[in-house]
Structure formats: C-alpha cells, structure tokens
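Coordinates in review
Here are the chains, one letter per residue:
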Amino acid sequence: MLCYNRPELVQAWLGLEKHGLVRAVLHSHIDADVHAHSMNQIGASALIFDTRFARAIEAHRPELAAVRVFVAIGSDAPDWATPFERLLSEGSPVEPFLDVDEDAPCLLQLTSGTTGIPKPWVKTHRSWRAVIEHNMRHLDTFEPGLPPVGREDVNLHFHPLQWASGFQTLYPYLLRGARSVLLDDEYFDPRCCWTPSRAKARRGRSCRGRY
C-alpha cells in the first residue's frame, strides 16, 4: 500500500487482515524508485495506491515484475487501475471469519532506509497483536493518574499512518472506541512540529502548515 492519510487506508488495512492478505507498508514520503525496488524484493502481487502517486507509479510500472493488480484510491483513477470504490461495491459483505495461524505473516514493515535501501521485516499475527497490546498498555500508563484510553478520546494522526502513527497508536484507539482524526500528510513541514520542550515558547502562537 502506498497512500497518504485517508479513511480508505484504514479500511484497506482492516480488510486485508480480515482476509489473511499480507500488506506491505510503503512510506508516503520515500521516492517511488525505492518503492519499486522494495515491491520487487518482496514479490508484491498487488498495489493499492493514492491517485496522487499515479504518475510516479506509471513511470515504474514496467519494472514491477510481479504486480498483477493495481487499485487506485481517490479521484481520476488511471485506466490501468481498478478504482477503490469499484472494489468495495463488487465485494461481499459477508465476514470471512478466517482461522489465521498466529505465526503466519500479517504485514511487512520496511525500515526507513537510513542505512541504505529499506529492508523488510515480518510481523506475524502473533507479534502484531503483541505490539498492539503493548502500545495500549503504554498509552494507559503514560502518566500517573491518567485515565485509560476510552470513547471520549481523540487520536490525531499528523504523521503518516503508513509509518509510525499507524504502527503505534491507530489500533489501540480503534479497539477502545475512540475517535481517530486523519490529517492529510501530503505536505509536511518539520518546522511546524510541536514538541514539549518548545511548548512554552510556542504558547499562544499558531503554526500554519500546508495541510
């Protein structure tokens, strides 16, 4: 999957896991030629992508040897891809209720590429559940006296879901019935990031990014 933060991304994540399909996390801020290398390395058979990446993907399509299915999320889907809405309309509403082996792969997380080309590592269903449970407990005990995550909480994703935000906080809040708000991450300006050490200096000021 290669997509900016949008609701369809979350729907696809849940759908793939329900059907036992292994998803690969492609960071939305890494160059397309690197993604082409990664998809060939793992033998990806399908690519679900945001239409804002369509031009970059089309330039690399001849290199994607194993990809047989292209699914486009968003407006102006190219003629070589299936619109995401069609995929949903033609799908079955019946829950698959698959009996998944806990040690089977659930997703492939790629490293950030700080030491060369990104390298994939496997998260099994067992280890993915353990990560979600760990993050849930971490959020519940983040500060003494802090109430556990619940329906009254709001989780703001300004960082790409296709990276740490989806890995760390998406599922714990979903499981607790909290609201998730997705900020489109197509444009990201690190100068507008808020940090606790800078909170006092920035109090009363706003930072307008290109969101």
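Look up: the structure comes first, before these words.
1. Observations concerning helix α6 (residues 164-175)
Along its 12 residues, α6 runs 18 Å from first to last C-alpha, staying within 8% of the 16 Å computed at 1.5 Å per residue. Along α6, the residues that are buried comprise Ser 165, Gly 166, Phe 167, Thr 169, Leu 170, Tyr 171, Pro 172 and Tyr 173. Trailing α6 by a residue or two, Gly 177 shows a phi angle of about 80°, which is positive.

2. Some points on the sheet that holds strand β5 (residues 105-110)
A sheet is described by the order of its strands in space; here three strands give the open sequence β1-β5-β6, paired in mixed fashion. Either end of the sheet is taken by a strand with one partner, and the two such strands are β1 (23-25) and β6 (120-124). On average, adjacent strands in this sheet sit at an angle of 25° to one another, irrespective of strand direction. Across the sheet, helix α5 (residues 125-140) touches β1, β5 and β6, and the angle it forms with β6 is around 85°.

3. Section: the environment of Phe 84
Tracing the chain through its elements places Phe 84 in helix α4 (residues 84-89). The spatial distance from the C-alpha of Phe 84 to the C-alpha of Leu 175 is 25 Å, given a sequence separation of 91 residues. Among all residues touching Phe 84, those that are not within four sequence positions of it are Glu 8, Gln 11, Ala 12, Val 71, Ala 72 and Ile 73.

4. With respect to the pairing of strand β3 (residues 69-73)
Counting buried residues along β3, four of its five residues qualify, which places the element largely inside the surrounding structure. Pairing of strand β2 (residues 46-50) with β3, which is carried by five bridges, proceeds in the parallel orientation. Bridging from a neighbouring strand, Leu 47 pairs with Phe 70 of β3. Inspection of the sheet shows β3 paired to strand β4 (residues 82-83) by two bridges, in the parallel sense. Among the inter-strand pairings, Val 71 is bridged to a residue of β4, identified as Thr 82.

5. Remarks on the packing of helix α1 (residues 7-18) against α6
At a minimum axis distance of 13 Å, the contact between α1 and α6 shows a crossing angle of 80°. Put simply, α1 runs roughly perpendicular to α6. Contacts between α1 and α6 involve Val 10, Trp 13, Leu 14 and Glu 17 on the former and, on the latter, Gly 166, Leu 170, Tyr 171 and Leu 174. Looking at the contact of α1 with α6 residue by residue, the classes come out as six nonpolar, one polar and one charged.

6. Examining the sheet that holds β3
Judged by pairing direction, the sheet is parallel, and its three strands sit side by side in the order β2-β3-β4 without closing on themselves. The open sheet has two free edges, formed respectively by β2 and β4, since each of these has just one partner strand.

7. A word on the environment of Leu 16
Position of Leu 16 relative to the elements: it lies in helix α1. In this structure, Leu 16 is in contact with Met 1, Leu 21 and Arg 23, ignoring residues within four places of it in sequence.

So, how was this worked out
Residues numbered from 1 in each chain as written. Predicted model: local features only at pLDDT ≥ 70, side-chain atom pairs only at ≥ 80, totals over all residues. Heavy atoms only, no water. Helix = DSSP H or I, 4+ residues; strand = E, 2+ residues; numbered from the N terminus. Expected span 1.5 Å × (residues − 1). Buried < 20%, exposed > 50% of the residue type's maximum accessible area, 1.4 Å probe, protein only. Pairing = 2+ DSSP bridges. Axes fitted to C-alpha atoms, helices over the stretch in contact; angles between N-to-C directions. Contact = heavy atoms within 4.5 Å. Parallel < 35°, antiparallel > 145°, perpendicular 65-115°, else oblique. Nonpolar A, V, L, I, M, F, W, Y, C, P; charged D, E, K, R; others polar.

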